[in-house]
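What the coordinates show
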Amino acid sequence: RRLPKAAKGATNEVVRTVNGIRHKRMGGGDLVVSEMGLGTQRWGSGDFNAPDEATCLSFLDRAILEGGINLIDTAEQYPIPSTRAKPEG
């Protein structure tokens, strides 16, 4: 059974705080996300400045297990390869 929208809470309502990171309601539904997210765009890429797998896993552990982050951005929205001459992509 789904709760009426009004019973779920207002959008942007702070639902909880985990390790100093506020988690807010997104929309009027059940989805609650951390205000801070972890971007993963260059992970696993062939770019010269991409982190290796062990570093990526340590980033995930720290963000999720220690930092209270539950928003992970996995979009490959800017598929621009980087080079030493243009490290920003």
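Preceding this section is the structure that the text describes.
Predicted, not measured: the structure shown is a model, and the values here were computed from it.

Quick look at the side chain of His-23
- Tracing the sequence through the fold places His-23 in strand S2 (residues 21–25).
- Note on His-23: relative accessible area 4%, which makes it buried.
- Ignoring sequence-local partners within four residues, the contact set of His-23 consists of Glu-13, Val-14, Val-15, Arg-16, Val-18, Val-32, Val-33, Ser-34, Gly-68 and Asn-70.

Considering the pattern of salt bridges
- Within this structure, the stated rule accounts for three salt bridges.
- The salt bridge involving Arg-25 is made with Glu-13; its shortest N-O contact spans 2.9 Å. Note that Arg-25 is positioned in strand S2 and Glu-13 in the loop between helix H1 (5–8) and strand S1 (14–18), a separation of twelve residues in sequence.
- Accessibility expressed as a relative area gives 12% for Arg-25, which makes it buried.

Let's talk about the environment of Ile-69
- One can find Ile-69 in the loop between helix H2 (53–66) and strand S5 (71–73).
- Taking the C-alpha atoms as reference points, Ile-69 and His-23, 46 residues apart in sequence, are found 8.6 Å from one another.
- In contact with Ile-69, not counting residues within four places along its chain, are Ile-21, Ser-34, Met-36, Gly-37, Leu-38, Ala-63 and Ile-64.

Procedures and definitions
Residues numbered from 1 in each chain as written. Predicted model: local features only at pLDDT ≥ 70, side-chain atom pairs only at ≥ 80, totals over all residues. Heavy atoms only, no water. Helix = DSSP H or I, 4+ residues; strand = E, 2+ residues; numbered from the N terminus. Buried < 20%, exposed > 50% of the residue type's maximum accessible area, 1.4 Å probe, protein only. Contact = heavy atoms within 4.5 Å. Salt bridge = Lys/Arg side-chain N within 4 Å of Asp/Glu carboxyl O.

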